[in-house]
Amino acid sequence: MTLRIVAEKSAARLCALGYRTFDHAFRELNNQKDFDAYLSRAFSLDTISEELKDNRGEFFVAFKGHEPVGYFKLYAGPAPECVTCRPAIELARFYALQSQWGKGVGKAMMEDALDRAREQGFLAVWLSSWKKNHRGNAFYEKWGFDVVGEKTFTIGKDVQQDVVLSRIV
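Residues numbered from 1 in each chain as written. Predicted model: local features only at pLDDT ≥ 70, side-chain atom pairs only at ≥ 80, totals over all residues. Heavy atoms only, no water.

*Asks:* Would you mind showing me how to read the pairing of strand β6 (residues 146–155) here?
*Replies:* A regular strand places its side chains so that they alternate between the two faces of the sheet. Pairing geometry for β6 and strand β7 (residues 158–168), over nine bridges, is antiparallel. Note that in β7 the partner of Asp146 across the bridge is Ser166. Hairpin connection of β6 to β7: two residues between the antiparallel strands, including Gly156 at a positive phi of 65°. (Pairing = 2+ DSSP bridges. Helix = DSSP H or I, 4+ residues; strand = E, 2+ residues; numbered from the N terminus.)

Now the structure itself:
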């Protein structure tokens, strides 16, 4: 498996991967109309292209051979107050194709994300995750992330409760 940083010229490919992984992870738990609208907006070419231009964030895609199987984003924006170990970087997205769950993709991506955070001088990594994301939350707990706070995330009319997790790198 290889991990590569995503360039702006690969925005369309990242849109497709992001849409597919988020859809598989959360479709069944959401109102379909609101969820479809969110997916169309969050993973549009315009939105992803703008995110790729933001120099505070970087996307990385995991490949098995030539096929993208997962991705993550590190974002050096401000951390919420509940993240007390500073400086901290956000693991803003972290998804693998459903067909790759349990096959080491998450492990490889997490090792890479933590290594990159450490190399960039960050002392901690933080993320937010939906409380109903039981599989993902168990994965983060296994990797030493602790719940340090809560926040909301809105998809359409649905205001969802997220946990904020953090760990030292």
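Having seen it, we continue.
*Asks:* What is the right way to look at the sheet that holds strand β5 (residues 124–130) in this model?
*Replies:* Strands in a sheet are paired, the pairing made by backbone hydrogen bonds, and the direction either parallel or antiparallel. The sheet built from seven strands is open, its strands ordered β1-β2-β3-β4-β5-β7-β6 with mixed pairing. Only two strands of the sheet have a single neighbouring strand rather than two, namely β1 (2–5) and β6. In this sheet, adjacent strand axes meet at a mean angle of 30° when their direction is disregarded. Pairing geometry for β5 and β7, over seven bridges, is antiparallel. The residue of β7 that forms the bridge with Ala124 is Ile168. Sitting on the sheet, helix α5 (residues 134–142) is in contact with β4 (88–96), β5 and β7, with an inclination near 160° to β5. (Axes fitted to C-alpha atoms, helices over the stretch in contact; angles between N-to-C directions. Contact = heavy atoms within 4.5 Å.)

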